[in-house]
Amino acid sequence: MIPLRSLTPVILLSALCWVAIPAGLRADAYLGGEATPQGPSPHRNGASSPRLPVKVLVIGDSLSFGPFGEDLERELSRRFGPKNVALFASCGSSPEHWIETGPTFVTRCGYRHSTPKGSMIEDFTELNGRVKRPKPVKTPKIPRILRQYAPETILVQLGTNWMDSPPDNPSSEGENARSILREFLRELRDQPDPPTRIVWILPPESAKYPAATQDAVERWILAASAESGFATTRSREMTAPYVPGKTGTDGVHYSKEAARSWAERVFWSFYGIRS
């Protein structure tokens, strides 16, 4: 079977699709069982397993699922060692899908996690000339991830899928978006040993979405940054212009070469030249 993560433009176009589970239905009915990582089970005496310290936790969408996330993870692993890096990427997801109070989100276009405890990937594959879709997977919630890992730094690469379904009118100040981001940040920090640094990797340049929509999503995240005190990377300054056929094929996703350049710039902006 040949993975198609970076080979088929048609598949990449589907990366923004998602399925929200209707109220009252169990996610297991869609997944045929729990596919995402479970938090540590309580022991019989009621105590939980200790959280595993890691240097960096990455949370992202299809861009982290694909070449950008792979290259960023590789750079981080070279710097800190693979046992100090955890990554969770759910294709088509937006910030509200990761918070406990948000809707349960099932991705049908790709999911992966790569952690010191193990890895999992659901991707498009090709067998005998036929494309097989990945199995649907529930996007894990932040509290579940943080029951397992105690990250020193959290890198968040989310927001691109808001450009398809903005939580607010792009011309507004983004009250709904900022409310979601406040809850997102609260859940990241609501732990005995919160991360020392949170970095939001803003969406990169796109040729698919109007500049006004890209400006709005960036503006909402930057406003939340000023309010809640987390760092940001201005990815559009690192990636513009998006040249169809060179940067990528669908106006949103990035070729291996373009993704590598973006990932290296993000890495260097926070960790300098790798050791």
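Conventions we followed
- Note on numbering: residues in each chain are counted from 1, in written sequence order.
- Note on the predicted model: pLDDT of at least 70 is required for a residue's local features to be given, and 80 or more for side-chain atom pairs to be given and counted; whole-chain, interface and lining totals, by contrast, use all residues.
- Here the side-chain values reflect all heavy atoms present in the structure, with hydrogen atoms and water set aside.
- A run of H or I in DSSP counts as a helix once it spans at least four residues, and a run of E counts as a strand once it spans at least two, with each numbered from the N terminus.
- Contacts are assigned to residue pairs that have any heavy atoms within 4.5 Å of one another.
- Partly exposed describes any residue whose relative accessible area lies between the buried limit of under 20% and the exposed limit of over 50%, with all areas from a 1.4 Å probe on protein chains only and scaled to the type maximum.
- Two strands form a pair only when DSSP identifies at least two bridges running between them.
- In plain terms, two cysteine sulfur atoms within 2.5 Å form what is called a disulfide here.
- In this analysis an axis means a line fitted to C-alpha atoms, helices contributing only their contacting stretch, and an angle means the value between N-to-C directions, from 0 to 180 degrees.
- The cut-offs work like this: below 35 degrees is roughly parallel, past 145 is roughly antiparallel, 65 to 115 is roughly perpendicular, and the gaps in between are oblique.
- Put simply, a crossing is left-handed when the front helix is turned counterclockwise from the back one by less than a right angle, and right-handed when it is turned clockwise.
- Residues grouped as a nonpolar core are buried Ala, Val, Leu, Ile, Met, Phe, Trp, Tyr and Cys residues, joined through side-chain atoms within 4.5 Å.

Undergrad: I keep staring at the overall build of the chain and nothing clicks. Help me out?
TA: Looking only at helices and strands, the chain features 9 helices and 13 strands. Put simply, of all contacts in the chain between residues at least 6 apart along the chain, 78% involve residues at least 24 apart.

Undergrad: Hey, could you run me through the pairing of strand S4 (residues 85-90) in this one?
TA: Regular strands place side chains that alternate from one sheet face to the opposite one. Among the 6 residues that make up S4, 6 are buried, leaving the element largely enclosed by the rest of the structure. Both faces of S4 are covered, namely the face carrying Val 85, Leu 87 and Ala 89 and the face carrying Ala 86, Phe 88 and Ser 90. By the bridge criterion, 5 bridges tie strand S3 (residues 52-60) to S4 in an arrangement that is parallel. Paired with Val 58 across the two strands is Leu 87, which belongs to S4.

Undergrad: Got a minute to help me understand the state of the cysteines in this structure?
TA: Disulfide: a covalent bond formed between the sulfur atoms of two cysteine residues. Tallied over the full model, the rule gives 1 disulfide. Bridging Cys 91 to Cys 109, the disulfide has an S-S length of 2.2 Å. Across the S-S bond linking Cys 91 and Cys 109, the dihedral sits near -100°, which makes this disulfide left-handed. Of this pair, Cys 91 sits in the loop between S4 and strand S5 (105-107) while Cys 109 sits in the loop between S5 and strand S6 (111-115); the two residues are 18 residues apart in sequence, bridging distant segments of the chain. The residues Cys 91 and Cys 109 share a single accessibility class, namely buried.

Undergrad: Explain the packing of helix H4 (residues 67-80) against helix H9 (residues 256-271) here, please?
TA: Between H4 and H9, whose axes approach to 8 Å, the crossing angle comes to 40°. Classified by the interaxial angle, the pair formed by H4 and H9 is oblique. In the crossing of H4 with H9, the sense of the turn from one axis to the other is right-handed. Contact residues: H4 offers Pro 67, Phe 68, Asp 71, Leu 72, Glu 75, Leu 76, Arg 79 and Phe 80, while H9 offers Lys 256, Ala 259, Arg 260, Trp 262, Ala 263, Glu 264, Val 266, Phe 267 and Tyr 271.

Undergrad: When you look at the nonpolar core in this model, what are you seeing that I'm missing?
TA: Within soluble globular proteins, side chains that are nonpolar generally end up buried alongside one another. By size, the foremost hydrophobic cluster in this structure holds 35 residues, and its most contacted members are Leu 57, Phe 88, Trp 98, Phe 184, Leu 188 and Trp 200. Listed by contribution, the elements that provide at least two residues to this core are S3, S4, helix H5 (142-148), strand S11 (149-157), helix H6 (175-189), strand S12 (197-201) and helix H7 (211-228). Considering each element in turn, this core owes the most residues, 6 residues, to H6. The next biggest cluster of nonpolar side chains, apart from the first, holds 23 residues, and it includes Phe 65, Phe 68, Val 199 and Tyr 271.

Undergrad: Would you mind going over the pairing of S6 with me for this structure?
TA: Along S6, 5 of the 5 residues are buried, which leaves the element largely enclosed by surrounding structure. Of the two faces of S6, both are covered, the one formed by Tyr 111, His 113 and Thr 115 as well as the one formed by Arg 112 and Ser 114. As judged from the 5 bridges shared by S6 and strand S7 (residues 118-122), these two strands associate in the antiparallel manner. Its bridge partner being in S7, Ser 114 is matched across the sheet by Ser 119. Here S6 hands over to S7 after 2 residues, the two strands then running antiparallel side by side.

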